[in-house]
Amino acid sequence: MRKTDKRDLATYISFIAPGLIIYLLIIAYPICYSLFLSFTNYNPNSDEPAKFVGLANYIKVMTMNRGLVDASNNVPEFWHAFKNNMIVVVVSVFGQIPIGFILAFILYRKQVKGATFFQSMVFLPQFLSTIVIGIMWRMLFMVDGPVSRIIQSVTKDPNAQFSMMMDPNKCMIPIAIALIWMYTGFYMIIFLANLQKINDSMFEAAKIDGASEVQIFFKITIPLLASSILTSCILAIAGSLKGFGLIFALASEGKQRINAEVLPIYMYRIAFNNAKDPLRFAYGAAIANMIVLISIIIILFSKWVGKKLGTDEDY
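Our subject in this report is the structure included herewith. What you are looking at is a predicted structure, and each value in this text was computed from that prediction instead of being measured. (Residues numbered from 1 in each chain as written. Predicted model: local features only at pLDDT ≥ 70, side-chain atom pairs only at ≥ 80, totals over all residues. Heavy atoms only, no water.)

**A word on the packing of helix H3 (residues 77-108) against helix H9 (residues 213-224)**
Alright, step 1. Running from amino to carboxyl end, H3 crosses H9 at an angle of 115°, the nearest separation of the two axes being 12 Å. Classified by the angle their axes make, H3 and H9 are roughly perpendicular. In this structure, H3 meets H9 at a crossing whose hand is right-handed. Contact residues: Phe101, Ile102 and Phe105 in H3; Glu213, Ile216, Phe217, Thr221 and Ile222 in H9.
Alright, step 2. The class makeup of the residues in the contact of H3 with H9 is 6 nonpolar, 1 polar and 1 charged. (Axes fitted to C-alpha atoms, helices over the stretch in contact; angles between N-to-C directions. Helix = DSSP H or I, 4+ residues; strand = E, 2+ residues; numbered from the N terminus. Parallel < 35°, antiparallel > 145°, perpendicular 65-115°, else oblique. Left-handed = near helix turned anticlockwise from the far one by under 90°. Contact = heavy atoms within 4.5 Å. Nonpolar A, V, L, I, M, F, W, Y, C, P; charged D, E, K, R; others polar.)

Structure below.
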């Protein structure tokens with residue numbers, strides 16, 4: 001190797017080494033260690049070395065049922081959390097994204113007055129802390145909170161209360177409302193930015209040909225932004241499966257949080273809020289790895305659907 005090549009190689013290594021070391025320590029090492037823990041009987045309270053147990057931890061977390069959700073229900077806690085997580089995914093993909101897309105189209109086409117004001121108001125939740133938003137919605141949905149007062153006023157029943165958060169089958173409804181309110185503005189901005197890249201002459205030509213705003217929306221706008229929609233879906237899925245802060249803050253500790261438990265909160269409860277279980281870290285690692293696996297499967301499926309619909313085309 002020539003001296004100049006050696007010097008170039010040394011320069012290259014000196015540039016990438018700091019970032020590579022940080023990546024290995026902060027990202028790669030925890031991932032590898034999590035995989036290791038999930039296949040062992042690691043006990044933080046014992047000095048004995050961890051032993052390989054295969055898929056035992058994965059089977060355990062998927063079948064564990066301590067009767068916390070519903071004593072009469074035989075559904076394991078993992079599948080209860082998985083169901084709630086899938087509800088969050090559906091709300092994100094079929095709630096936040098369509099609403100954000102429609103709002104972006106309305107603002108771009110100047111269908112309302114004061115577009116800048118409405119744009120700012122819809123995007124406002126992005127400036128607020130997730131925990132603050134969660135606490136705010138928790139106060140709204142308290143048994144004696146503002147929503148209960150509204151119900152009492154409408155029904156004329158002074159004893160009426162908002163009790164959805166105490167029902168494991170309905171608790172995700174108010175959470176879905178909070179999720180849509182918080183994240184719709186994010187997708188609205190994504191779509192609005194992509195709409196501004198489209199040549200206005202396409203819309204004007206469609207108008208001259210007699211197309212209505214609805215026809216322009218379905219025949220021109222959606223096909224042109226298909227790739228952006230797919231990207232937003234991937235972001236929504238990944239965010240839904242790792243979402244923790246909003247639901248953790250919105251659902252009060254105890255029955256409400258158990259009812260609204262999603263996989264990240266289930267992992268937190270098993271690994272960090274269950275000190276009596278010697279295998280808590282192994283179980284938590286198994287749940288975390290399953291969240292990653294589920295995310296990969298759903299995202300790959302979304303990309304496959306996108307290719308079938310032709311979203312990989314350039315416009």
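**Let's talk about the nonpolar core**
Alright, step 1. Counting residues in each nonpolar core, the largest one holds 42 residues, and the members touching the most others are Ile216, Ile237, Leu241 and Tyr266.
Alright, step 2. Those elements that provide at least two residues to this core are helix H2 (56-63), H3, helix H7 (172-195), helix H8 (200-208), H9, helix H10 (226-242), helix H13 (263-272) and helix H14 (280-308).
Alright, step 3. Of the residues forming this core, the biggest block, 10 residues, is contributed by H3.
Alright, step 4. Of all hydrophobic cores here, the second largest spans 20 residues; its members include Ile133, Ile175, Leu250 and Ala260. (Core = buried A, V, L, I, M, F, W, Y, C linked by side-chain atoms within 4.5 Å. Buried < 20%, exposed > 50% of the residue type's maximum accessible area, 1.4 Å probe, protein only.)

**Observations regarding the packing of aromatic side chains**
Alright, step 1. The tally for this structure, following the rule as stated, stands at 24 aromatic pairs.
Alright, step 2. Measuring from ring centre to ring centre gives 5.8 Å for Tyr29 and Tyr33, while their planes differ by 15°; the resulting arrangement is stacked. One end of the pair is Tyr29 and the other is Tyr33, both in helix H1 (residues 3-38) and 4 residues apart, which spans about a single turn.
Alright, step 3. Residue classification places Tyr29 among the exposed positions, given a relative accessible area of 51%.
Alright, step 4. Judged by centre distance (6.1 Å) and plane angle (40°), the rings of Tyr268 and Phe272 are tilted. Residue Tyr268 and its partner Phe272 are both found in helix H13; the two are separated by 4 residues, about one turn of the helix.
Alright, step 5. The exposure class of Tyr268 is partly exposed, given its relative accessible area of 30%. (Phe/Tyr/Trp six-rings, centres within 6.5 Å; stacked < 30°, edge-to-face > 60°.)

**Considerations on the pattern of salt bridges**
Alright, step 1. Inspection of every chain in the model, using the stated rule, returns 2 salt bridges.
Alright, step 2. Arg269 serves as the salt-bridge partner of Glu77, at 2.9 Å between the closest nitrogen and oxygen. Linking Glu77 in helix H3 with Arg269 in helix H13, this pair joins segments that are 192 residues apart in sequence. The pair formed by Glu77 and Arg269 is uniform in burial state, with each residue classed as buried.
Alright, step 3. With a closest N to O distance of 2.6 Å, Arg269 and Glu261 form a salt bridge. No difference in accessibility class separates Arg269 from Glu261, as the two residues are buried. (Salt bridge = Lys/Arg side-chain N within 4 Å of Asp/Glu carboxyl O.)

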